[in-house]
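These are the residues of each chain, in order.
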Amino acid sequence: MKITVTGGRPVLTRHAEAETCADPSSVMTLLADSDSTADGFTSYRSTFAKGAVGAPAHFHTKATELFFVISGSLQVLVGEEVTVLEAGDFLAVPPHTPHAFAAAPGCEADVLFVFTPGMDRFDYLRLLGRVMRDEADAKEIAASAERFDNHYVDSPVWRAALEVSA
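Residues numbered from 1 in each chain as written. Predicted model: local features only at pLDDT ≥ 70, side-chain atom pairs only at ≥ 80, totals over all residues. Heavy atoms only, no water.

S.K.: So what about the nonpolar core? Which residues, and what values?
M.R.: Proteins that are soluble and globular tend to have nonpolar side chains buried together. Ranked by internal contacts, the top residues of the largest apolar core, which has 29 residues, are Phe48, Phe67, Leu74, Phe101 and Val111. At the level of elements, β2 (26–32), β3 (42–48), β5 (64–78), β7 (90–93), β8 (99–103), β9 (109–116) and α1 (122–132) are the ones that each hand at least two residues to this core. Per-element tally for this core: the top contributor is α1, with 5 residues. Counting residues in hydrophobic clusters, the runner-up holds 6 residues, among them Ala57, Ala100, Ala102 and Trp158. (Core = buried A, V, L, I, M, F, W, Y, C linked by side-chain atoms within 4.5 Å. Buried < 20%, exposed > 50% of the residue type's maximum accessible area, 1.4 Å probe, protein only. Helix = DSSP H or I, 4+ residues; strand = E, 2+ residues; numbered from the N terminus.)

S.K.: Please set out α1 residue by residue, giving values where relevant.
M.R.: Along α1, the positions that sit buried rather than exposed are Phe122, Tyr124, Leu125, Leu127, Gly129 and Val131. Where the residues of α1 are buried, they touch β1 (19–23), β2, β3, α2 (139–143), α3 (145–148) and β10 (151–152). A positive backbone phi angle near 60° is found at Asp134, which sits one or two residues after α1. (Contact = heavy atoms within 4.5 Å.)

S.K.: Report on the packing of aromatic side chains, specifying residues and quantitative values.
M.R.: Enumeration according to the criterion identifies 7 aromatic pairs in this entry. Judged by centre distance (5.1 Å) and plane angle (65°), the rings of Phe67 and Phe113 are edge-to-face. Of this pair, Phe67 sits in strand β5 while Phe113 is found in strand β9, placing the two residues 46 residues apart along the sequence. Phe113 matches Phe67 in its accessibility class, with the two residues each being buried. For Arg121, the ring lying beneath its charged end belongs to Phe115, and the centroid distance is 4.2 Å. (Phe/Tyr/Trp six-rings, centres within 6.5 Å; stacked < 30°, edge-to-face > 60°. Lys NZ or Arg CZ within 6 Å of the ring centre and 35° of its normal.)

S.K.: Which residues make up the pattern of salt bridges, and what are the values?
M.R.: The final tally for this structure, using the stated rule, is 6 salt bridges. When the shortest N-O distance is used, the salt bridge between Arg126 and Glu19 registers 2.6 Å. With a gap of 107 residues between them, Arg126 in helix α1 and Glu19 in strand β1 connect regions that are remote in the sequence. For Glu19, a relative accessible area of 33% gives the class partly exposed. The shortest N-O distance in the salt bridge between Glu135 and Arg133 comes to 3.2 Å. In the salt-bridge network here, residues are joined through shared partners; they are Glu19, Asp123, Arg126 and Arg147. (Salt bridge = Lys/Arg side-chain N within 4 Å of Asp/Glu carboxyl O.)

S.K.: Account for a nonpolar patch on the surface, naming residues and giving values.
M.R.: A surface patch of nonpolar side chains, amounting to about 280 Å² of accessible area, comprises Phe68, Ile70 and Phe90. On the basis of relative accessibility, which here comes to 53%, the residue Phe90 falls in the exposed class. (Patch = residues over 30% accessible without salt bridge, like charges linked within 9 Å, V, L, I, M, F, W, Y side chains within 5 Å. Areas by Shrake-Rupley, 256 points an atom, 1.4 Å probe, with all protein chains shown as cover.)

S.K.: Quick rundown of the side chain of Thr29? Include the residues and the values.
M.R.: Secondary-structure assignment places Thr29 in strand β2. Residue classification places Thr29 among the buried residues on the basis of a relative accessible area of 12%. Apart from the residues lying within four places of it in its own chain, the contact partners of Thr29 are Ala18, Glu19, Thr20, Tyr44 and Arg45.

Following this line, the structure appears as structure tokens:
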């Protein structure tokens, strides 16, 4: 079999060599950041503990965020709608669309995330881990909104969904 590559170069991240970021409720396996991808995407895999809260309501101005649920169940907010993605489900959230995610109530979740076009988001994921472990101030997240194209918004719908699942 011949593999033809057009455009960019292949990106291979071996599981044993991938960097991981952990916090009390999840482990993120960093797969490809935009600086290593000629086509400019970012990808990582997150495994969420049972009932773990992922990201609060936010949006991106440049990137489409793709979700693929490998196993378990992921509760997501898209716009003003909350739904549950199951293993094998795929979701694409376009720019400027508020969204949030967490492991579905009583469930774990293993999810592949892809951002396109990508940004160098690995530093953002590392920062999140440091904040969750009380090694950095949460104000650093707010200060990094433009750099990482991650803009937090208030969502009464998402807050209500989290209260019901608590």
